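A closer look at the structure
Listed here are the chains, written in short residue letters.
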Amino acid sequence: MTDQTERNGVRVGVAAFVLWGLLTIYWKQLSGLDAVELIAWRMFTAAIVMAAVTTVRGTWPAIIAAFRSRATVVRLILAALLLTANWGSYVWAVINDRVIETALGYFIAPLGTMAIGVLVLGELATRAQKIAFGCVAVAVVILTVGAGHPPWISLVLAATWSFYALSKRNMPLGAIDSLTGETFVLVLPAAVALVVLSGRSSSAVNTASTTDWVLLLGTGLITAIPLMLFASAAKSIPFTLLGPLNLIVPMINFGLGWAMYNEPLPLNRLIGFAFIWLALVVVMTDRIRSYQRPARPRPPVSDERATDSTGAGLIT
């Protein structure tokens, strides 16, 4: 891997994460429509776009082979359900003026993935990770006391994303083909939902403007483009660099919610975020130090399937 290749990979990765972060603005333009209907449109159009992508990439044999394996289909269904819950929670939060809560959820998500490694996969927690988990617990208590209820949207986003990453573990498909399979699992339920929901007076069929329709039909593209940029970046840069780049997304969401959409940021919420940020600094510092030790070999990043360990990036 040359320095130029790595620099190009960083540029592509930053582009992917910035696009994912700016999707908040995209979904805000559709705030007048129902969140469930928006997700159905995203599922349906994403399946169409991913079918076109699969055709261009020539990977239909891999997709067909995956659907012939019962075990793989079960994994795809599980991943698709978790992805639906994550997408749905995110879109619902955005159109209901809770963008800062999405930022909190995606700040917590990497720590949630670490927790799954310890609690589900039996990995040993480092001292830094134990400190980080304690910081998260303190943050949740502070946010719960301050708001009068747990930050459930943030916790749902973090949990569904972390378990989605777990469902991708050892998936016999690359990142792009895996998402294709997941959207194919979702396309029929999405089509049924669109038919059922179209009968309501408030549905997109009855209320959407021309601009709304352009945005609705573009939801498949906004799903596919950042993913493909991310997959390209994941082949070019080490994961110790790719991981911190993930934080671009919640940073953008935090800024948008606070500065553009004027969502409240009382002291208790700011203190809660501070504990989450402290947790992230602790674990990233520990990871960088571990990576720089001579005894630790440089992890391979050239295989597309390696992207599965990150759950195909922050798909929002």
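Residues numbered from 1 in each chain as written. Predicted model: local features only at pLDDT ≥ 70, side-chain atom pairs only at ≥ 80, totals over all residues. Heavy atoms only, no water.

The number of helices and strands found in the chain is 14 helices and 0 strands. Along the chain, helices and strands appear, N-terminal first, in the series α-α-α-α-α-α-α-α-α-α-α-α-α-α. Across the 316 residues in the chain, those meeting the buried criterion constitute 48%. By sequence separation, contacts in the chain at least 24 residues apart represent 86% of the contacts at least 6 residues apart. By element, 68% of the accessible surface of the chain is carried by carbon and sulfur atoms, the whole surface being about 14300 Å². (Helix = DSSP H or I, 4+ residues; strand = E, 2+ residues; numbered from the N terminus. Buried < 20%, exposed > 50% of the residue type's maximum accessible area, 1.4 Å probe, protein only. Contact = heavy atoms within 4.5 Å. Areas by Shrake-Rupley, 256 points an atom, 1.4 Å probe, with all protein chains shown as cover.)

Ring pairs (aromatic) are described by centroid distance and by the angle formed between their planes. Applying the stated criterion across every chain yields a total of 15 aromatic pairs. The interplanar angle of 45° and the centroid separation of 5.5 Å between the aromatic rings of F273 and W277 together place this pair among those described as tilted. Of this pair, F273 and W277 both sit in helix α14 (residues 267-292), 4 residues apart, which is roughly one turn of that helix. A residue is classified by how much of its surface remains accessible, and W277, at 29% relative accessible area, is partly exposed. Among the aromatic residues, ring-to-ring pairing joins F107, F254, W258, F273 and W277 into one connected group. A cation over a ring is seen here: K28 above Y261, with NZ or CZ 4.8 Å from the ring centre. We note R42 situated over the ring of W87; from NZ or CZ to the ring centre the distance is 4.2 Å. (Phe/Tyr/Trp six-rings, centres within 6.5 Å; stacked < 30°, edge-to-face > 60°. Lys NZ or Arg CZ within 6 Å of the ring centre and 35° of its normal.)

Quick look at unusual backbone geometry now. Generally, phi is negative for residues other than glycine and the peptide bonds are trans, each holding for most cases. With a phi angle near 60°, D97 is a residue other than glycine that sits in the positive phi range. Assignment of secondary structure puts D97 in the loop between α4 (70-95) and α5 (99-119). Even without being a glycine, N262 presents a positive backbone phi close to 55°. Within the secondary structure, N262 sits in the loop between α13 (248-260) and α14.

Attention now goes to the packing of helix α3 (residues 60-68) against helix α8 (residues 175-197). For the pair α3 and α8, the least separation of the axes is 10 Å and the interaxial angle reads 55°. Considering their axes alone, α3 and α8 lie oblique with respect to each other. By crossing handedness, the relation of α3 to α8 is classed as right-handed. Across the interface between the two elements, W60, A62, I63 and F67 of α3 pack against D177, T180, G181, F184 and V185 of α8. By residue class, the composition of the contact of α3 with α8 is 6 nonpolar, 2 polar and 1 charged. (Axes fitted to C-alpha atoms, helices over the stretch in contact; angles between N-to-C directions. Parallel < 35°, antiparallel > 145°, perpendicular 65-115°, else oblique. Left-handed = near helix turned anticlockwise from the far one by under 90°. Nonpolar A, V, L, I, M, F, W, Y, C, P; charged D, E, K, R; others polar.)

On to the pattern of salt bridges. In this structure the tally under the stated criterion is 5 salt bridges. The residue R200 makes a salt bridge to D34 at a minimum N-O spacing of 3.7 Å. Here the residue R200 occupies a position in the loop between α8 and α9 (204-207), and D34 occupies one in the loop between α1 (3-28) and α2 (35-57), the gap between them amounting to 166 residues. You can call D34 partly exposed: its relative accessible area is 29%. Note that R57 is salt-bridged to D177, the shortest N-O span being 2.9 Å. In this pair, R57 is assigned in helix α2 and D177 in helix α8, connecting sequence segments 120 residues apart. One salt-bridge network, in which partners are shared between bridges, spans R98, E101 and R269. (Salt bridge = Lys/Arg side-chain N within 4 Å of Asp/Glu carboxyl O.)

With that settled, consider the side chain of R42. Counting through the fold element by element, R42 comes out in helix α2. The side chain of R42 is buried and forms no salt bridge, while E182, the nearest opposite charge, is found at 11 Å. (Lys, Arg positive; Asp, Glu negative; His and termini not counted.)

It is worth spelling out the confidence of the model for the chain at this point. The predicted coordinates ought not to be read in detail in places where the model reports low pLDDT. Residues with a pLDDT of 70 or more make up 90% of the chain, whose mean pLDDT is 85. Note on residues 301-312: pLDDT under 50 across the span, and 42 contacts to partners over four residues away in sequence or across chains. (pLDDT = per-residue confidence, 0-100.)

Our focus in this paragraph is the environment of R287. Along the chain, R287 falls in helix α14. It is 9.9 Å that separates the C-alpha atoms of R287 and Q129, two residues lying 158 residues apart in sequence.

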